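# Breakdown of the fold
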Amino acid sequence: MKKQILILLLIPLFSFAQNKKDAELSSNLLLKGIDLHDTGKYYESISSLIQANEMRPLDDENYTNKLMLATYYLGKSKFGLNDFKGAITEFNKIINSNEDFFTVGKDEAIIERAKIKFYISDYYGVIYDIKSFFENYFPSKPSKYDNDRASEAYTLIGHAKAKIGDHNSAIKDYSISIDLNPRNGEAYFLRFYSYFFLESRSEACDDLRTAIELDYRPTVIIDGVRKIVSENDFDKLLTYCKD
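This text gives an overview of the structure that appears in the document. (Residues numbered from 1 in each chain as written. Predicted model: local features only at pLDDT ≥ 70, side-chain atom pairs only at ≥ 80, totals over all residues. Heavy atoms only, no water.)

### Looking at the packing of aromatic side chains
The criterion, for reference: Pairing of aromatic side chains here covers Phe, Tyr and the six-membered ring of Trp, requires ring centres within 6.5 Å, and sorts the geometry by plane angle: under 30 degrees stacked, over 60 edge-to-face, intermediate tilted. A run of DSSP states H or I qualifies as a helix once it reaches four residues; a run of E qualifies as a strand once it reaches two. Both are numbered from the N-terminal end. Each residue's exposure class comes from its accessible area (1.4 Å probe, protein chains only) as a fraction of the maximum for that residue type: buried when under 20%, exposed when over 50%, partly exposed otherwise.
Counted by the stated rule, this structure contains 18 aromatic pairs. Between Phe79 and Tyr119, the aromatic rings sit 5.6 Å apart at their centres with planes inclined by 90°, giving edge-to-face as the arrangement. Placement of Phe79 in helix α4 (residues 63-80) and of Tyr119 in helix α6 (residues 106-119) is noted, with a sequence separation of 40 residues between them. On the numbers, 5.7 Å between centres and 80° between planes, the contact of Phe196 with Phe197 is edge-to-face. Residue Phe196 is classed as partly exposed on the basis of its relative accessible area of 32%. Given a relative accessible area of 52%, Phe197 falls into the exposed group.

### Remarks on the nonpolar core
The test is simple: We call a set of buried Ala, Val, Leu, Ile, Met, Phe, Trp, Tyr and Cys residues a nonpolar core when their side-chain atoms join them within 4.5 Å. We call two residues in contact when some of their heavy atoms are within 4.5 Å.
Residues Phe91, Ile94, Val126 and Ile130 are the most contacted members of the largest nonpolar core, which totals 36 residues. Sort the elements by how many residues they give to this core and α4 lands first, with seven residues. If we skip the residues at most four places from it in the chain, Phe91 touches Tyr72, Gly75, Lys76, Ala109, Glu112, Arg113 and Ile116. Within the second largest apolar cluster, 14 residues are counted, among which are Ile171, Phe189, Tyr195 and Leu208.

### A closer look at the environment of Asp235
By the secondary structure assignment, Asp235 is in helix α12 (residues 231-238). In sequence terms Asp235 and Ile212 are 23 residues apart; their C-alpha atoms lie 10.0 Å from each other.

### With respect to the pattern of salt bridges
Under the convention used in this document: Any carboxyl oxygen of Asp or Glu within 4 Å of a side-chain nitrogen of Lys or Arg constitutes a salt bridge here.
Under the defined criterion, the tally for this structure stands at 13 salt bridges. With a closest N to O distance of 3.3 Å, Glu90 and Lys93 form a salt bridge. On the criterion of helical spacing, the pair formed by Glu90 and Lys93 is a turn pair, its members being three residues apart in helix α5 (residues 84-95). Among the residues examined, Lys93 registers a relative accessible area of 43% and is labelled partly exposed. In this structure, Asp173 engages Lys161 in a salt bridge whose closest nitrogen and oxygen atoms are separated by 2.9 Å. Separated by twelve residues along the polypeptide, Asp173 in helix α9 (residues 167-180) and Lys161 in helix α8 (residues 144-163) bring together distant segments of the chain.

### Some details on the packing of α6 against helix α7 (residues 123-137)
This is how it is decided: With axes taken as lines fitted to C-alpha atoms, and helix axes fitted only over the stretch in contact, angles between N-to-C directions fall between 0 and 180 degrees. Note that the term roughly parallel is reserved for angles under 35 degrees, roughly antiparallel for angles over 145, roughly perpendicular for angles of 65 to 115, and oblique for everything else. Should the near helix be turned counterclockwise from the far one by less than a right angle, the crossing is left-handed, whereas a clockwise turn marks it as right-handed. Here the nonpolar group is Ala, Val, Leu, Ile, Met, Phe, Trp, Tyr, Cys and Pro; Asp, Glu, Lys and Arg are the charged ones; every other residue, Gly included, is treated as polar.
Between α6 and α7, the shortest axis-to-axis distance is 8 Å and the interhelical angle comes to 165°. Considered as vectors, α6 and α7 are oriented roughly antiparallel to each other. As for the relative orientation of α6 and α7, their crossing is left-handed in sense. Every residue of α7 that contacts α6 at Lys106, Asp107, Ile110, Ile111, Arg113, Ala114, Lys117 and Phe118 is listed here: Tyr123, Gly125, Val126, Asp129, Ile130, Ser132, Phe133 and Tyr137. Tallied by class, residues from the contact of α6 with α7 come to nine nonpolar, two polar and five charged.

Shown next, in the form of structure tokens:
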């Protein structure tokens, strides 16, 4: 979600507020909360977003749209703090609502929920969410942005399938992901691993080399912290492809 787009969306939300001062303060708190999330200051982000929600009267016709945008970033910030249950609760508010919102889509919320489920090893939950994404929320005439998001979704569901041992199906999903976004280095790298487990050496090495050409670097979780794999460890993978 682009910051410039968010700002443009917020302008009509607050231009007709009865109390212009409160409206501007609420807008600033919301944007501040988003900025704080984007810089990894999740506690401060949550505080600012909650304040933004409390600034608006419940009878304002635009309140729900603003609230759902804040809810989306509350979920992302809670995820950043490893509050998985709290994050899923926030995304569920968007997904389960009977309304549609122009500030944040249910499709975006369901992908974020799927990411959390992957993180907590609920791989079948990931598969369920991504299937729901394509069945219920993906547009019939996708834009480039939609295709990039679909590429991300196929990579995620492929990774979940690989985690439960279904590498053949995972490879199909990674391949679709790559067709949608040929510069998706993560999809190439993950497909390398599935080919590796299936002992398809030639295909595995082709994907590994492509991932390197795209400057993709995998990450690992160490003591609950995601870290980029060192170049030395990454180079060890290349020994598999040496003749």
